[in-house]
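Structure at a glance
For reference, the chains in residue letters:
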Amino acid sequence: EVQLVQSGAEVKKPGESLKISCKASGYKFTYYWIAWVRQMPGKGLEWMGIIYPDDSDPTYSPSLQGQAVISADKSISTAYLQWNSLEASDTAMYYCARLRGYTYGPDYWGQGTLVTVSS
Amino acid sequence: QSVLTQPPSVSAAPGQKVTISCSGSSSNIGNNYVSWFQHLPGTAPKLLIYDNNKRPSGIPDRFSASKSDTSATLGITGLQTGDEADYYCGTWDSGLSAWLFGGGTKLTVL
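Residues numbered from 1 in each chain as written. Chains lettered and ligands numbered in written order. Predicted model: local features only at pLDDT ≥ 70, side-chain atom pairs only at ≥ 80, totals over all residues. Heavy atoms only, no water.

**Points about the overall build of chain B**
Of the regular secondary structure elements, chain B holds 0 helices and 9 strands. Ordered by position in the sequence, the α and β elements of chain B form the string β-β-β-β-β-β-β-β-β. Rg of the C-alpha trace for chain B: 13 Å, near the compact-globule value of 13 Å for 110 residues, within the 12% margin. C-alpha extents for chain B along the principal axes are approximately 40 × 30 × 25 Å. Among the 110 residues that make up chain B, the fraction classed as buried is 46%. Considering only contacts within chain B whose residues lie at least 6 apart along the sequence, 58% involve residues at least 24 apart. Within the structure as shown, chain B displays about 4,900 Å² of accessible surface, and the carbon and sulfur contribution to it stands at 46%. Across chain B, the 7 positively charged side chains and the 7 negatively charged ones have centroids separated by 5 Å. (Helix = DSSP H or I, 4+ residues; strand = E, 2+ residues; numbered from the N terminus. Rg over C-alpha atoms; globule rule 2.2 N^0.38 Å. Buried < 20%, exposed > 50% of the residue type's maximum accessible area, 1.4 Å probe, protein only. Contact = heavy atoms within 4.5 Å. Areas by Shrake-Rupley, 256 points an atom, 1.4 Å probe, with all protein chains shown as cover. Lys, Arg positive; Asp, Glu negative; His and termini not counted. Charge placed at Lys NZ, Arg CZ, Asp CG, Glu CD.)

**Section: unusual backbone geometry**
What is expected of a backbone is that most residues other than glycine have negative phi and most peptide bonds are trans. Residues and elements named next belong to chain B. Its identity as a non-glycine residue notwithstanding, Asp51 has a phi of 50°, on the positive side. One can find Asp51 in the loop between strand S4 (46–49) and strand S5 (63–68). Asp51 gets classed as buried once you look at its relative accessible area, which sits at 12%. For Asp69, which is not glycine, the phi torsion reads 55° and is therefore positive. Residue placement: Asp69 occurs in the loop between S5 and strand S6 (71–76). For Asp69, a relative accessible area of 62% translates into the label exposed.

**Points about the state of the cysteines**
A complete count under the given rule lists 2 disulfides over all chains for this structure. Each disulfide pairs two cysteine sulfurs, and for A:Cys22 the partner residue is A:Cys96, the sulfurs being separated by 2.0 Å. On the sign convention where negative means left-handed, the S-S torsion of about 75° between A:Cys22 and A:Cys96 marks this disulfide as right-handed. Here A:Cys22, found in strand S3 (residues 18–25), pairs with A:Cys96, found in strand S9 (residues 92–99); they are 74 residues apart in sequence, far enough to count as distant. Side by side, A:Cys22 and A:Cys96 carry an identical accessibility label, which is buried. Between B:Cys22 and B:Cys89 runs a disulfide, and the two sulfur atoms are separated by 2.0 Å. On the sign convention where negative is left-handed, the bridge of B:Cys22 and B:Cys89, at about 70° about the S-S bond, is right-handed. (Disulfide = S-S within 2.5 Å.)

**Brief notes about the pairing of strand S4 (residues 34–39) of chain A**
Residue and element names in this part refer to chain A. Among the 6 residues of S4, 6 are classified as buried, and the element is accordingly described as predominantly covered. Taking every second residue as pointing to the same face, both faces of S4 are buried, with Ile34, Trp36 and Arg38 on one and Ala35, Val37 and Gln39 on the other. As paired elements, S4 and strand S5 (residues 45–52) share 6 bridges and run antiparallel to each other. Directly across from Ile34, in S5, lies its bridge partner Ile51. Here S4 folds back onto S5, and the loop between the two strands holds 5 residues, one of which, Gly42, carries a positive phi near 75°. The pairing of S4 with S9 spans 6 bridges and is classified as antiparallel. Each bridged residue has a counterpart across the sheet, and for Ala35 the counterpart in S9 is Ala97. (Pairing = 2+ DSSP bridges.)

Structure follows, in structure tokens:
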């Protein structure tokens, strides 16, 4: 059974750093792309970027480039989303998802990680 | 404002049928496969339709979809209260080299 299990909710202050995770199981991690998707409060789903775990080369959405860093560790089948300096506007639910192919979209999703940034 | 345009909300009575539209352009829907997702906020989105009109195993045939030119449509028949959720279309945009989601449509089953 394919599963993507994300790390738990986080509450951070502006300027702090954060790394959230997405652990995959039930399939060959290096065979599929992983995407990160953001949902800000009261808003829709936004594509942040993708990574191919076999070479860990991320591609970012043009509209969200530079806001966070996507990485992966294939030795432990885990993808990450990381911020060096959080802002209040980073408050959102973040989902990881497995892609059927580079342009084919998600088929399995993680349960989401709620990130709250507040002073 | 999303590149893929969906109505903000639709509603229908239990047992009835509803359709949700998704309008794009030649750089996205017109030349790429469309997927549809069901999402209850705070939970994992669920893939309902992929490759324009295919249902993953476990998705009932009450859910169907089609694509024509630069638009796509999701149809849900035999509406149930459990179908109340947000529905998103999604597709690759060849110009942006990025996946796009529509703005989402909130389905209310009256």
